[in-house]
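# An overview of the molecular structure
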Amino acid sequence: PWRGGDPSDRNPEGAEGDAGEGAADVFYIHPTTYLSSAAWNVPRDEMRNTPLLEDIVLRDQPNAFNACCRVFAPYYQQATFYAFVDRGPNGLAALDRAYEDVRAAFRHYLTEWRDGRPLIIAAHSQGSLHAQRLMQEEIIGTPLEDHLVVAYVPGYRLPDTPPLPVCRTGDETGCLLTWNNVTAPYWLPPFMYDLPLASDAGYSRNVAGSFVCAPPAPDGEGYTGYHAGDRELMPAVGSVVCTDGLLHLGASLEPALAAFPMSRGWWHVYEYAHFWVAIGADAQRRLDAHDANQGCF
């Protein structure tokens, strides 16, 4: 949070909170931005300063938490997009390699920076896969579990036995939220229904899983969004409904938040942007509830 020029410190006009402050910490794991077929994992000298990651993702996902929290957003040797569709061993090996970086960054954060503060895990897409494994291996069943406020893991499937229970109320803690945005008619590529999931031995395609719809609670006046291409908040989504594990949005979307569908009616790129304000409010509400519960011991 104290690095000069950190893109996740940039807030839209009118947003509350100062970056680098707050009562809790967010450990954020970014989605896939390496689309090349030149390597299975992004080379270390290409991890930073890529336009998609620096100019878009880090400017409109982790900063949703700036009002409540310090944000730690590590670079890591992410697996290329093709790792998710590969049917051989290389794709899974690339995901394992990426996770090793995430785990090392998390352990460094715990040792050097956490200092007993409440923790929120946040991620998207590939990052959500690694976040699920990180919780299984490094948090659940350890003393740190009592300090985990909530996890945000949108843009991916959940295993049938998720690492945390799915949040069912607006102030529940020790649970996770997940959502995948679509508008009818939509088409999801077949590989989305066969994504690798975490297993006892790394990543596997043999773990049973499904899409689960558990979005952040609405802010009371529809959803207000933010996209890094603009400097101000904007109306994003008027209504949502969970159907068949997917989050169905109202048909009318703000053009700035509907420019790049992943496929017909699938708004994967905007799964933070559509709910930018609601995510921050949701995190603050659950942090307040967590603090109140901690005071009971």
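This write-up is about the structure you can find in this document. (Residues numbered from 1 in each chain as written. Predicted model: local features only at pLDDT ≥ 70, side-chain atom pairs only at ≥ 80, totals over all residues. Heavy atoms only, no water.)

## Focus: the pattern of salt bridges
Evaluated as defined, the whole model comprises 12 salt bridges. The shortest N-O distance in the salt bridge between glutamate 100 and arginine 97 comes to 3.6 Å. Taken together, the residues span about one helical turn, with glutamate 100 and arginine 97 both in helix H2 (residues 89-114) at a distance of three residues. With a relative accessible area of 38%, glutamate 100 lands in the partly exposed category. Its salt-bridge partner being arginine 285, residue aspartate 282 comes within 2.9 Å of it at the nearest N-O pair. Residue aspartate 282 and its partner arginine 285 are both found in helix H4 (residues 276-294); the two are separated by three residues, about one turn of the helix. According to the relative accessible area criterion, aspartate 282 is buried, its value standing at 0%. In the salt-bridge network here, residues are joined through shared partners; they are Arg44, Arg97, Glu100 and Asp101. (Salt bridge = Lys/Arg side-chain N within 4 Å of Asp/Glu carboxyl O. Helix = DSSP H or I, 4+ residues; strand = E, 2+ residues; numbered from the N terminus. Buried < 20%, exposed > 50% of the residue type's maximum accessible area, 1.4 Å probe, protein only.)

## Comments concerning the nonpolar core
Most often, soluble globular proteins keep nonpolar side chains buried together rather than apart. Counting 88 residues, the largest nonpolar core has Phe27, Phe65, Phe106, Leu119, Ile121, Tyr152 and Phe275 as its most contacted members. When residues of this core are assigned to their parent elements, the largest contribution, eight residues, is made by H2. Setting aside residues up to four positions removed in sequence, leucine 119 forms contacts with Asp25, Phe27, Phe106, Tyr109, Ile139, Leu144, His147, Leu148, Val149 and Val150. (Core = buried A, V, L, I, M, F, W, Y, C linked by side-chain atoms within 4.5 Å. Contact = heavy atoms within 4.5 Å.)

## A closer look at the packing of H2 against helix H3 (residues 126-139)
Interhelical geometry of H2 versus H3 gives an angle of 60 degrees and a closest axis separation of 10 Å. Taken together, the axes of H2 and H3 lie oblique to each other. For H2 against H3, the interelement crossing comes out right-handed. Packed against H2, whose contacting residues are Leu95, Asp96, Ala98, Tyr99, Val102, Arg103, Phe106 and Arg107, the element H3 presents Gln126, Leu129, His130, Arg133, Leu134, Glu137, Glu138 and Ile139 at the interface. Looking at the contact of H2 with H3, its residues break down into eight nonpolar, two polar and six charged. (Axes fitted to C-alpha atoms, helices over the stretch in contact; angles between N-to-C directions. Parallel < 35°, antiparallel > 145°, perpendicular 65-115°, else oblique. Left-handed = near helix turned anticlockwise from the far one by under 90°. Nonpolar A, V, L, I, M, F, W, Y, C, P; charged D, E, K, R; others polar.)

## Digging into unusual backbone geometry
In terms of backbone geometry, most residues other than glycine have negative phi values and most peptide bonds are trans. Geometrically, the link from alanine 184 to proline 185 is a cis peptide bond, its omega value of -5 degrees lying close to zero. Among the secondary structure elements, proline 185 is positioned in the loop between strand E7 (181-182) and strand E8 (197-199). Backbone geometry places serine 125, a non-glycine residue, at a positive phi of 55 degrees. With respect to the element layout, serine 125 can be found in the loop between strand E3 (119-123) and H3. A relative accessible area of 13% places serine 125 in the buried class.

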